[in-house]
Amino acid sequence: MILDVPELSLVALVGISGSGKSTFAARHWAPTQVLSSDFFRGLVADDENDQSASSDAFDVLHYVAGKRLAAGRLTVVDATNLQSHARAGLVKVAREHDVLPTAIVLDVPESLAWERTQARTDRTFGRQVITRMHRDLRRSLGQLAKEGFRKIHVLRGVDEIAAAEIRYEKLF
Ligand code: ATP
Ligand code: MG
């Protein structure tokens with residue numbers, strides 16, 4: 001499956017914890033192109049899992065994204081991006097820099113994400129958190145277009161995620 005992505009774009013990955021966003025990002029982009037919420041929570045709070053640091057972490061993430069876009073650099077945001085207000089912050093940064101916001105949704109079964117989560121040492125939350133995220137994801141699918149995402153790619157299941165290739169669209 002070919003995913004068309006504008007050459008200069010702000011790409012929001014969207015998916016529940018365990019859906020494989022960070023794995024997908026590492027496969028398709030250089031580490032410096034990917035801004036992850038975990039990394040920025042670590043920067044501001046010394047703890048990638050400190051959810052109370054999210055607001056500060058996203059402030060800094062948005063700031064860095066803006067600097068990158070101003071310099072004409074494709075930027076990928078590796079966060080769950082399951083809440084409308086979280087995505088609105090990204091659409092705003094993209095618009096401020098006349099850049100197209102793109103969403104790539106990793107839609108895996110809740111049961112698979114939970115299996116993966118249980119095998120991780122860097123995630124400690126319970127099944128009900130994954131269930132809530134999955135509900136948020138279903139709701140998100142119908143909202144992305146009206147929120148301003150100009151390209152929306154939905155990868156359904158592990159096979160589509162594994163087969164995905166990015167193709168960059170020239171803007172001019
Ligand atoms: P979070 O939102 O918690 O950061 P995530 O969406 O970034 O989660 P990953 O960390 O990429 O998810 O993946 C979760 C776990 O599943 C990891 O242990 C990873 O190695 C594994 N995983 C991801 N993709 C695959 C895959 N295609 N096949 C097998 N295992 C995978
Ligand atoms: Mg991750």
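Refer to the structure presented above.
Because the structure is predicted, anything quoted here is derived from the model rather than measured.

Participant: Looking at this structure, how should I read the layout of surface pockets?
Facilitator: Leftover empty space is mapped by rolling, across the atoms, a probe with the size of a water molecule. Considering only enclosed or pocket space, the largest pocket measures out at about 900 Å³ in volume. Among the elements of the structure, helix H1 (21-28), helix H2 (37-45), helix H3 (54-70), helix H4 (84-96) and helix H6 (127-141) are those that each provide at least two residues to the lining of the largest pocket. When residues of the lining of the largest pocket are assigned to their parent elements, the largest contribution, 4 residues, is made by H6. Within the lining of the largest pocket, the residues separate by chemical class into 7 nonpolar, 17 polar and 10 charged.

Participant: Is there a simple way to think about the environment of Val44 in this case?
Facilitator: Topologically, Val44 is positioned in helix H2. Taking the relative accessible area as the measure of exposure, Val44 reaches 37% and is therefore partly exposed. In the structure, Val44 is positioned 10 residues away from Ser54 in sequence and 9.0 Å away in space, judged by C-alpha atoms. In contact with Val44, other than residues within four places in its own chain, are Ala53, Asp56, Ala57 and Val60.

Procedures and definitions
- Residues numbered from 1 in each chain as written.
- Chains lettered and ligands numbered in written order.
- Predicted model: local features only at pLDDT ≥ 70, side-chain atom pairs only at ≥ 80, totals over all residues.
- Heavy atoms only, no water.
- 1 Å grid on protein atoms, 1.4 Å probe; cavity = no way out; pocket = protein on both sides within 12 Å on 5 of 7 lines; lining within 4 Å.
- Points joined across faces, edges and corners; volume = space filled by probe spheres on them.
- Helix = DSSP H or I, 4+ residues; strand = E, 2+ residues; numbered from the N terminus.
- Nonpolar A, V, L, I, M, F, W, Y, C, P; charged D, E, K, R; others polar.
- Buried < 20%, exposed > 50% of the residue type's maximum accessible area, 1.4 Å probe, protein only.
- Contact = heavy atoms within 4.5 Å.

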